[in-house]
Amino acid sequence: MAVERTLSIVKPDAVGKNVIGEIFSRFERAGLKIVATKMMHLSKEKAEGFYAEHKERPFFGALVSFMTSGPVVVSVLEGENAVIRHREILGATDPKKAAAGTIRADYAVSVDENATHGSDSTTSAEREINYFFSKEEVCPRTR
Ligand code: RTP
Ligand code: MG
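Quick caveat, the model's predicted, so the values are computed rather than measured. (Residues numbered from 1 in each chain as written. Chains lettered and ligands numbered in written order. Predicted model: local features only at pLDDT ≥ 70, side-chain atom pairs only at ≥ 80, totals over all residues. Heavy atoms only, no water.)

Here we look at the site of ligand 1
By nearness alone, 14 residues border ligand 1, and Lys11, Thr93, Val111, Asn114 and His117 come closest of all. Within the side chain of Arg87, one N or O atom sits 3.1 Å away from an oxygen atom of ligand 1. Note that an oxygen atom of ligand 1 is positioned 2.9 Å from one of the side-chain N or O atoms of His117. Protein contacts shield 80% of the accessible area of ligand 1, which totals 560 Å² for the unbound molecule. Element by element, the count of residues in the shell around ligand 1 is highest for strand S4 (residues 116-118), at three residues. For the shell around ligand 1, the class distribution of residues is four nonpolar, six polar and four charged. (Near = heavy atom within 4 Å. Polar contact = N/O pair within 3.5 Å; in protein donor to acceptor, adjacent residues only side chain to side chain. Areas by Shrake-Rupley, 256 points an atom, 1.4 Å probe, with all protein chains shown as cover. Helix = DSSP H or I, 4+ residues; strand = E, 2+ residues; numbered from the N terminus. Nonpolar A, V, L, I, M, F, W, Y, C, P; charged D, E, K, R; others polar.)

As for the sheet that holds strand S1 (residues 3-10)
With respect to topology, four strands assemble into an open sheet ordered S2-S3-S1-S4, the strand pairing being antiparallel. Of all the strands in the sheet, just strand S2 (33-40) and S4 have a single pairing partner and so form its edges. Taken pair by pair, the neighbouring strands of this sheet meet at an average axis angle of 20°, ignoring direction. Relative to strand S3 (residues 72-80), S2 runs antiparallel, the two being bridged by seven bridges. Looking at S3, one finds that Ile34 is bridged to Leu77. (Pairing = 2+ DSSP bridges. Axes fitted to C-alpha atoms, helices over the stretch in contact; angles between N-to-C directions.)

A look at helix H4 (residues 60-67)
Within the span of H4, buried status applies to Phe60, Leu63, Val64, Phe66 and Met67. For H4, the angular spread of the buried residues around the axis is 160°, confining them to a single face. Looking at the packing, one finds that the buried side of H4 touches S1, helix H1 (12-16), helix H3 (44-50) and S3. (Buried < 20%, exposed > 50% of the residue type's maximum accessible area, 1.4 Å probe, protein only. Arc of directions from axis to C-beta. Contact = heavy atoms within 4.5 Å.)

Side note on the UniProt feature "active site" (unreviewed entry) in the protein chain
The positions that UniProt labels "active site" (unreviewed entry) are, in the present scheme, His117. By the secondary structure assignment, His117 is in strand S4. A relative accessible area of 10% means that His117 is categorised as buried. Apart from the residues within four sequence positions on either side, His117 is in contact with Leu7, Ser8, Ile9, Lys11, Phe50, Tyr51, His86, Leu90, Arg104 and Glu128. (UniProt positions renumbered as here; feature names shortened; annotations may be inferred.)

Describing helix H7 (residues 122-132)
Turn by turn, an α-helix covers 3.6 residues, leaving residues three or four places apart pointing in a common direction. Within H7, the full set of buried residues consists of Ser124, Ala125, Glu128, Ile129 and Phe132. All buried residues of H7 lie within an arc of 130° about the axis, which places them on one face of the element. Away from its buried face by more than 90 degrees, H7 exposes Thr123 and Glu126. Looking at the buried side of H7, the elements it contacts are S1, S2, H3, S3, helix H5 (82-90) and S4.

Structure representation (structure tokens):
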């Protein structure tokens, strides 16, 4: 098993529902460790750059507008198979299809406002972590 890092975002809808701690608890209960975290209000440019791969998709404008509608909490999680395990805890992109007990099943209302983001591969994770955090901001856990 490989120790991986992944990028996690508590999106503006979930911050607005006041469930940041509840979401962090689920990561911690699953054995994922928070090794960096910060709250920020994304600029249009920062959100567009983050979702650049979706630039041509019909939902891009709505996605950027949603992601800039309020603050987000961006974190780096570390653990065995962190990328896939984090996405399992989040559940399917569309909350209607998300398994019971997942974050999106419990807190998301629609595919457009779906509570959280998780990197989809170790390659994406590396890009996304570097997009938000400097090397010094990620704190390897020594205990
Ligand atoms: P995320 O990147 O946010 O973790 O979600 P994901 O991998 O499960 O989904 P992705 O395909 O990367 O899409 C990014 C975000 O765009 C919005 N979306 N809307 N209306 C639609 O059909 C649609 N499809 C995607 C979602 O908010 C999704 O999280
Ligand atoms: Mg994605």
